[in-house]
Amino acid sequence: MKSIAAELAYFLRGRAKQNLKYLFLYCAFLVGMILVYAVLFRYLMLHLEGRDFSLIAGIYWAITVMTTLGFGDITFHTDTGYIFAAVVTVSGVVFLLIILPFGLISLFLAPWIEHRLRYRPTIELPRETAGHVLIFGIDAVTRTLIRRLQASHIPFVVVTPDNSEALRLEEEEGIRVVWGSPTDPQVLGGLRVAAARYVIANLSDPENVNLCLSLRAQCDTPIAALVSEAAHGELVRLAGANQVIPLHKILGRYLATHATTQGAMAHLLDSFGSLQIAEIPVHGTPFSGQTLAEAQVRQRTGLAVIGLWERGLFTTPTADSLLDDEALMVLAGTREQLDALEKLTGEQPADDLVFILGHGRIGCAAATFLDRKPVPFILVDREENPACDEHVPIYGDATGRLVLKQAGIERARGLIVTTNDDSTNIFLTLASRHTQPHIRIVARANHDENVPQLYAAGADFVVSNASVGANILLNIIESKASAFLTEGINVFRRSLPARLAGQTIAASQIRPKTGCSIVALEPPGGGEPAVVPPPETVLAEGMGLILIGSPEQEEHFSRLFPKAK
Ligand code: ADP
Ligand code: ZN
């Protein structure tokens, strides 16, 4: 169905679209002609033969005569009438039976066939191709990755065994494609795999295993493989993948950490030596409702609050930022300091309960993660998950009016909305926000473009599968010292740009110029990093900077302070 639509779309572009206009004009001309004949027919019948016919009968007569069907049920009986009928027949043959089919063939069919025949998919890359990323398997994740690669000017090639997909990607989306079977050694040779920068294996798990083995027989190019079942990760790694990404498990875990309302659920995001970056919901901590200055997080735990997430918006806090009950704090400090915070926030409240709507791979992973904490949860799904024998969900359509109510949704403190349909997710988010204004809602977006709608519907946190997957892959490809924090925020490490040595942090203008904030300074020659140094700190040569910012801000920083060669 999709490919028929794609073929039809061909007629709505360029020359074909112009020709379509001519076709419409010609059809209008034919309709006009039929009407004129119908009117003349009535006039002649009435005046020559004294018979009165309706206009419809006239149209019917003109069409049957023009198409040479001539049933003979309505005929003239005068010479003038015969002549008129003959003229109508001849003009029908010329305009309807000769010119029209001829036009259709030459304006539409022939160019279309030519277009199809002319397309020769690339089956081999030029010999000198090097440093490219090879992408096997195109879906929402790799499409987002492609956009990021384009933005970062990293060359890439998509490999597909499907001729019409190759045509579509290349001609309609301008994506560089090679057509061929991913496990054919000859195809792999033509892809210049040995010179490639990275291979992204995004096929089914068995196909990924096959691909990794075929690649490993030829070269050592690093491979990053997305696996759909975490349990298959080990096999894919054995087959030769360097990085295995169980995306569903990562997403499930990610949703789970954001949905819980417990304070003592610090989620470790990243670490740089002894410096740890963690996320923790404000809810459940003693800081709720206070400003950052009042909360005295630093004085009480040694931890620095380096960021705040509120309904998807990341900000760098100031002393009078309010620690809203629904916000998440991003903290920097040592493991001991994080432990101190966990002690401060105390035992888990007994009444924590998370509802998980959707027991697919992601919902199941979220449940497994909560189970380990342990945080009580209730799963709702309309179907059985054949891959899970661990959880017992409540069966029913979550959008049904009573299903959630009967499951006891009003007791829930957190809600994970993770069905495979974004409209359902938006609906469930809106409905739950409406009935429970204070519940913590974490929603999954299957398509990037639905992220704003989910926030608008009232989600506290939205995780987009495609962005998360693409972010992880891009970080791997760029082998950055930055880890995936959350949608659009990175913590990354850079050496101090030489021209900033000797200046204070305030004078360096890093934040006003790039939007990135300094999380910590690593002293030259190693040692304990100074977390969130005050603005008057002097930057010394050889220091390491640990910064936080969005990918755009990070790029801004790289452009302003290019890495020394
Ligand atoms: P993934 O594996 O990526 O999580 P799935 O498609 O396997 O994605 O999972 C989505 C789950 O959501 C399925 O188990 C499906 O039955 C469930 N689901 C979809 N719509 C509804 C709904 N309206 N009510 C309850 N469950 C739903
Ligand atoms: Zn499960």
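Because the structure is a prediction, the values reported are computed rather than measured.

Parameters and conventions
For every chain, the first residue of its written sequence is number 1, and the numbers climb from 1 along that sequence. Each chain takes a letter, starting from A, and each ligand takes a number, starting from 1, following the order in which they are written. Local features in a predicted model are, by the rule used here, given only for residues with pLDDT of at least 70; side-chain atom pairs are given and counted only at 80 or more, and totals for whole chains, interfaces and linings are based on all residues. The side-chain numbers reported here are obtained from all heavy atoms of the structure, hydrogens and water having been left aside. Secondary structure follows DSSP: runs of H or I at least 4 residues long count as helices, runs of E at least 2 residues long count as strands, and numbering of each begins at the N terminus. Throughout, radius of gyration means the C-alpha value; the globule benchmark is 2.2 Å times the number of residues raised to the power 0.38. Each residue gets one of three labels from its accessible area relative to the maximum for its type: buried under 20%, exposed over 50%, partly exposed in between, using a 1.4 Å probe on protein chains only. What makes two residues a contact is simply this: any of their non-hydrogen atoms within 4.5 Å. Using a 1.4 Å probe, accessible areas were evaluated by the Shrake-Rupley method; residue-level cover was limited to the displayed protein chains. In this tally Asp and Glu are treated as negative and Lys and Arg as positive; neither His nor the chain ends contributes. To locate a charge, take atom NZ for lysine, CZ for arginine, CG for aspartate or CD for glutamate. Distances are taken per atom, and a residue is near a molecule or strand as soon as one of its heavy atoms is within 4 Å of it. Here a polar contact means two N or O atoms within 3.5 Å. Within protein one must be a hydrogen donor candidate and the other an acceptor candidate, and residues neighboring in sequence count only if both atoms are side-chain atoms. Amino acids outside the nonpolar list (Ala, Val, Leu, Ile, Met, Phe, Trp, Tyr, Cys, Pro) and the charged list (Asp, Glu, Lys, Arg) are all regarded as polar, and Gly is one of them. When the centres of two rings from Phe, Tyr and Trp lie within 6.5 Å, Trp using its six-membered ring, the rings pair. Their planes under 30 degrees apart give stacked, over 60 give edge-to-face, and anything left gives tilted. Pairing between strands is defined by DSSP: at least two bridges between them are needed. Think of each axis as a best-fit line through the C-alpha atoms, taken over the contacting stretch in the case of a helix, with angles from 0 to 180 degrees between the N-to-C directions. A side-chain nitrogen of Lys or Arg and a carboxyl oxygen of Asp or Glu constitute a salt bridge if their distance falls within 4 Å. Nitrogen, oxygen and sulfur within 2.8 Å of a metal are treated as its donors, or within 3.2 Å for sodium, potassium and calcium (Na, K, Ca); water is not counted, so a site can appear incomplete. Here the metal geometry follows the donor angles, with tetrahedral for four donors whose angles all fall between 85 and 135 degrees, square planar for four and octahedral for six when opposite donors are more than 155 degrees apart and every other angle is between 65 and 115, and irregular for all the rest. Within a predicted model, pLDDT stands for the predictor's per-residue confidence, ranging from 0 to 100.

## Looking at the overall build of the chain
1) Next: Secondary structure summary: the chain contains 21 helices and 22 strands in total.
2) Next: Taken over C-alpha atoms, the radius of gyration comes to 33 Å for the chain, far larger than the 24 Å a tight globule of 565 residues would show.
3) Next: When its C-alpha atoms are laid out on the principal axes, the chain stretches across 110 × 65 × 50 Å.
4) Next: Going through the 565 residues of the chain one by one, you find that 49% of them count as buried.
5) Next: Partitioning the intrachain contacts of the chain with sequence separation of at least 6 by distance along the chain shows that 63% fall at a separation of at least 24.
6) Next: Carbon and sulfur atoms form 58% of the exposed surface of the chain, whose accessible area is close to 27200 Å².
7) Next: Separation between the mean location of the 47 positive side-chain charges and that of the 57 negative ones in the chain comes to 5 Å.

## Some details on the site of ligand 1
1) Next: Residues in contact with ligand 1 amount to 16 residues; listed here are only the nearest, Arg361, Asp381, Asp397, Ala398 and Arg444.
2) Next: One of the side-chain nitrogen or oxygen atoms of arginine 382 is found 3.3 Å away from a nitrogen atom of ligand 1.
3) Next: Taking asparagine 420, its side chain carries an N or O atom lying 3.0 Å from an oxygen atom of ligand 1.
4) Next: Taken by itself ligand 1 offers 570 Å² of open surface, and the protein chains cover 87% of this.
5) Next: Across the shell around ligand 1, the residue classes break down as two nonpolar, eight polar and six charged.

## Quick notes on the packing of aromatic side chains
1) Next: In the structure shown here, the tally under the stated rule is 11 aromatic pairs.
2) Next: Aromatic pair phenylalanine 41 and tryptophan 61: ring centres 4.7 Å apart, planes at 20°, arrangement stacked. Of this pair, phenylalanine 41 sits in helix 2 (residues 14–49) while tryptophan 61 sits in helix 3 (residues 55–66); the two residues are 20 residues apart in sequence, bridging distant segments of the chain.
3) Next: Overall, phenylalanine 41 belongs to the buried group, its relative accessible area being 0%.
4) Next: Grouped by ring-pair contacts, the aromatic residues Tyr37, Phe41, Phe53, Trp61, Phe76 and Phe84 constitute a single cluster.

## Some words on the sheet that holds strand 15 (residues 414–417)
1) Next: On the basis of which strands lie adjacent, the open sheet formed by six strands has the order 14-13-12-15-16-17 and parallel pairing. The two strands at the open ends of the sheet, each matched to only one other strand, are strand 14 (394–395) and strand 17 (461–464).
2) Next: Summarising the sheet, strand 12 (residues 354–357) and strand 15 pair through four bridges and their orientation is parallel. The residue bridging leucine 357 from the neighbouring strand is valine 417, located in strand 15.
3) Next: Running at roughly 170° to strand 16 (residues 440–445), helix 16 (residues 422–435) makes contact with strand 12, strand 15 and strand 16 of the sheet.
4) Next: Sheet contacts for helix 18 (residues 465–477): strand 16 and strand 17; angle to strand 17, the most-contacted strand, approximately 60°.

## A closer look at the environment of proline 222
1) Next: If you trace the backbone, proline 222 turns up in the loop between helix 8 (205–216) and strand 5 (223–227).
2) Next: The class for proline 222 is partly exposed, based on a relative accessible area of 25%.
3) Next: As a C-alpha pair, proline 222 and leucine 357 span 135 residues in sequence and 37 Å in three-dimensional space.
4) Next: The residues contacting proline 222, other than those within four sequence positions of it, are Arg197, Tyr198, Val199, Arg216 and Asn242.

## Points about the pattern of salt bridges
1) Next: In total, this model carries eight salt bridges according to the counting rule given.
2) Next: Two residues, arginine 433 and aspartate 460, come together in a salt bridge whose shortest N-O distance is 2.9 Å. Taken together, the residues arginine 433 in helix 16 and aspartate 460 in the loop between helix 17 (451–456) and strand 17 connect sequence positions 27 residues apart.
3) Next: Residues arginine 494 and glutamate 554 are paired through a salt bridge, measuring 3.2 Å at the closest nitrogen-oxygen approach. Of the two residues, arginine 494 sits in strand 19 (residues 489–495) while glutamate 554 sits in helix 21 (residues 551–560), which places them 60 residues apart along the sequence.
4) Next: On the basis of relative accessibility, which here comes to 3%, the residue glutamate 554 falls in the buried class.

## Observations regarding the coordination of the zinc ion (ligand 2)
1) Next: Within the protein, the atoms that donate to the zinc ion (ligand 2) are His359 (NE2), Cys364 (SG), Cys388 (SG) and His391 (ND1), at distances of 2.1 to 2.3 Å.
2) Next: Taken together, the four donor atoms surrounding the zinc ion (ligand 2) define angles of 100 to 115° at the centre, an arrangement classified as tetrahedral.
3) Next: Between the donor residues of the zinc ion (ligand 2), the gaps in sequence give the motif H-x4-C-x23-C-x2-H.
4) Next: For cysteine 388, a relative accessible area of 13% puts it in the buried group.

## Some details on the confidence of the model for the chain
1) Next: Chain-level pLDDT for the chain is 86 on average; 92% of the residues reach the 70-or-more range.
2) Next: The low-confidence segment residues 481–487 (pLDDT under 50) makes 40 contacts with residues lying over four places distant or belonging to another chain.

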